[in-house]
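# An overview of the molecular structure
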Amino acid sequence: MENPLKSTNMRGNLLIFRLDWISIFLLLFLIGFGWVNIYSTTVGNDLSGPLLDLGTFYGKQLFFAILSLIVVILYSFIPDQFIERFSSLFYLIGIALLLGLFVFGKTIAGATSWYDLGPFNFQPSELMKMIVALALAKYLSETQVNLRYSVHQGYAVLLLVLPSILVIAQPDPGSALVFFSLFLVLFREGLPLYYLTFVLSFILAFAATLKFGLTYTFIGALALYLSYLWLKPKRLKTPTWFTISYSVILFTIIGSTTWVYNSVFKQHHRDRFSLWLNLETNEDRLLDIKQSIGYNTYQAKQAIASGRWSGKGFLEGTRTKGDFVPAQHSDYIFSSVGEEWGFLTSVIVVLAFVALLLRFIYLADRQKKAFHRIYGYGITSILFIHFGINIGMVLGMLPTIGIPLPFFSYGGSSLLFFCLMCYIFLKMDANRLKTHFD
């Protein structure tokens with residue numbers, strides 16, 4: 001008769017039984033439903049072709065989904081210590097790949113962000129997101145690192161800024177913004193919160209100056225700043241250099257906003273801000289903007305609205321079939337969810353993303369090793385910024401930025417590295433429990 005205790009120990013020693021299956025089921029749902037929507041937006045009228053047709057978007061995405069599964073299985077045999085030990089080397093390789101784009105890169109839609117590998121294109125910035133999360137976790141987990149010291153703050157920020165600069169130069173500002181999401185990890189690990197106030201207030205000041213004008217914004221900012229100095233609790237200490245430099249930079253930004261907007265921004269940047277902040281008062285000009293730079297967002301919102309509560313049905317989206325929404329299989333794929341599956345299913349998709357993010361935070365908090373915990377926070381930040389900005393962009397709540405929806409938007413490199421990025425963390429979490437069965 002089999003010993004029940006021995007059977008339990010055997011199951012505990014197998015990786016598959018130690019993985020967090022709540023996270024895996026959420027991931028499988030998002031990947032599977034994402035592929036269904038890519039199929040719907042790209043299949044056309046001929047439904048008789050094979051699903052694994054590499055000449056189609058849905059065929060390539062299915063291929064990369066299968067490839068992702070193979071890569072994940074192969075990674076199961078690699079010790080966690082390997083990825084931690086060589087994180088710095090991976091970072092250097094990633095920087096080299098980004099630099100190589102300026103010599104060997106392929107330009108698509110105005111951005112030199114890909115390597116041409118024949119039937120497929122490889123986008124190193126997708127790999128670099130995972131690498132930067134690993135490198136940041138490696139650095140912050142070192143015992144001598146303390147984010148209260150400026151030298152350690154500077155090195156951590158450099159890890160994030162260097163790849164961002166290279167990606168912006170491609171130009172791909174959307175992907176660059178993702179690297180800055182990792183600042184959330186720095187705050188979680190002890191970076192003083194006044195830095196967050198520093199950045200957010202600058203962004204708000206810039207937007208407020210455009211929306212309400214220089215005079216009103218200056219008076220409002222001055223009133224708030226003086227109120228803060230007067231009412232600030234004594235226990236809340238900020239360095240003198242911060243208080244002085246903050247005020248100087250804040251009012252410099254307010255004073256220079258109009259010049260930056262008119263002289264530095266290009267016309268399409270100004271149009272996006274104008275549409276987002278509702279700055280344009282001329283109805284004819286506003287219509288021109290909606291039909292040009294705001295066309296995608298406008299059509300996406302119309303497609304979502306047309307789906308109402310329950311949607312028009314799979315393959316029944318009239319706006320999808322009519323190609324009303326450009327790039328609907330990539331950045332704007334959530335509009336096909338709204339049109340064909342309706343509001344209720346769209347809410348389920350959003351809740352699935354939220355559940356995955358909350359689950360990853362829970363898993364990160366219970367890690368025994370600092371490296372594993374910080375990496376968990378890192379990938380959660382990356383997924384959060386992708387999810388939040390993409391949905392906000394499609395709904396017209398945020399300006400148009402080229403950021404895909406994880407596991408939904410078409411892109412082989414994106415899907416492969418999102419899957420690997422998440423599985424690396426799930427394997428770390430699974431091995432946290434391994435000692436319980438030794």
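Above this text sits the structure in question.
The sections below set out a description of the structure shown in this document. (Residues numbered from 1 in each chain as written. Predicted model: local features only at pLDDT ≥ 70, side-chain atom pairs only at ≥ 80, totals over all residues. Heavy atoms only, no water.)

### Digging into the overall build of the protein chain
Tallying secondary structure elements over the protein chain gives 20 helices and 3 strands in all. Put simply, the protein chain has 438 residues, and 46% of those count as buried. Taking as baseline every contact in the protein chain between residues at least 6 positions apart, the subset at least 24 positions apart corresponds to 70%. When the accessible surface of the protein chain is summed, it comes to about 22,300 Å², and 68% of that surface belongs to carbon and sulfur atoms. (Helix = DSSP H or I, 4+ residues; strand = E, 2+ residues; numbered from the N terminus. Buried < 20%, exposed > 50% of the residue type's maximum accessible area, 1.4 Å probe, protein only. Contact = heavy atoms within 4.5 Å. Areas by Shrake-Rupley, 256 points an atom, 1.4 Å probe, with all protein chains shown as cover.)

### A closer look at the pattern of salt bridges
With the rule as written, the count across this model stands at 9 salt bridges. Here Glu126 and Lys129 are joined by a salt bridge, their closest N and O atoms 3.1 Å apart. Taken as a pair, Glu126 and Lys129 lie in helix α7 (residues 124-140) at a separation of 3 residues, close to a single helical turn. Lys129 carries the same exposure label as Glu126, and that label is buried. For Asp365, the salt bridge goes to Arg188, with nearest N and O atoms at 2.9 Å. Here the residue Asp365 occupies a position in helix α18 (residues 334-365), and Arg188 occupies one in helix α10 (residues 183-188), the gap between them amounting to 177 residues. Judged by relative accessible area, which is 40%, Asp365 ranks as partly exposed. (Salt bridge = Lys/Arg side-chain N within 4 Å of Asp/Glu carboxyl O.)

### Quick look at a nonpolar patch on the surface
Together, Leu214, Phe218, Ile219, Leu222, Leu226, Tyr228 and Leu229 make up an exposed nonpolar region whose accessible area comes to about 600 Å². Looking at the element boundaries, Leu226 is found in helix α12 (residues 214-231). (Patch = residues over 30% accessible without salt bridge, like charges linked within 9 Å, V, L, I, M, F, W, Y side chains within 5 Å.)

### What about the nonpolar core?
In terms of nonpolar packing, the biggest core is built from 102 residues, with Leu140, Tyr375 and Phe407 touching the most fellow members. Here the element with the most residues in this core is helix α20 (residues 412-432); it accounts for 14 residues. Non-local contacts of Leu140, meaning those with residues more than four positions away in its chain, are made with Val145, Leu147, Ala156, Val185, Leu186, Glu189 and Ile374. (Core = buried A, V, L, I, M, F, W, Y, C linked by side-chain atoms within 4.5 Å.)

### Some points on the environment of Lys138
Positionally, Lys138 belongs in helix α7. Sequence spacing of Lys138 and Ile374 is 236 residues, and the spatial spacing of their C-alpha atoms is 8.4 Å. If near-sequence neighbours (up to four positions away) are discounted, Lys138 is found in contact with Glu84, Ser87, Ser88 and Phe371.

### Comments concerning the side chain of Ser330
Residue position: Ser330 is located in the loop between α17 (318-321) and α18. Beyond its immediate chain neighbours, meaning those up to four positions away, Ser330 contacts Ser409 and Tyr410.

### A few points about the packing of helix α3 (residues 21-42) against helix α4 (residues 57-75)
Orientation of α3 relative to α4, taken along the N-to-C sense of each, is 160°, at an axis distance of 8 Å. Comparing their axes, α4 and α3 come out roughly antiparallel. In the packing of α3 onto α4, the handedness of the crossing is left-handed. Here Trp35, Ile38, Tyr39 and Thr42 of α3 come into contact with α4, specifically with Phe57, Tyr58, Gln61 and Leu62. Classifying every residue of the contact of α3 with α4 gives 6 nonpolar, 2 polar and no charged. (Axes fitted to C-alpha atoms, helices over the stretch in contact; angles between N-to-C directions. Parallel < 35°, antiparallel > 145°, perpendicular 65-115°, else oblique. Left-handed = near helix turned anticlockwise from the far one by under 90°. Nonpolar A, V, L, I, M, F, W, Y, C, P; charged D, E, K, R; others polar.)

### Points about the packing of helix α6 (residues 87-104) against α7
Viewed as axis vectors pointing N to C, α6 and α7 meet at an angle of 150°, and their least axial separation amounts to 9 Å. With respect to α7, the element α6 is oriented roughly antiparallel. Every pair of crossing elements has a handedness; the one defined by α6 and α7 is left-handed. Between α6 and α7, the contacting residues are Ser87, Ser88, Phe90, Tyr91, Gly94, Ile95, Leu97, Leu98 and Leu101 on the first element and Pro124, Ser125, Leu127, Met128, Ile131, Val132, Leu134, Ala135 and Lys138 on the second. Across the contact of α6 with α7, the residue classes tally to 13 nonpolar, 4 polar and 1 charged.

### Details of the sheet that holds strand β2 (residues 111-116)
What the 3 strands build is an open sheet, ordered β1-β2-β3; its pairing is antiparallel. Both outer strands of the open sheet, β1 (106-108) and β3 (121-122), are each paired with one neighbouring strand and no more. Sheet topology note: the β2/β3 ladder contains 2 bridges and is antiparallel. Considered in β3, the bridge of Asp116 is made with Asn121. (Pairing = 2+ DSSP bridges.)

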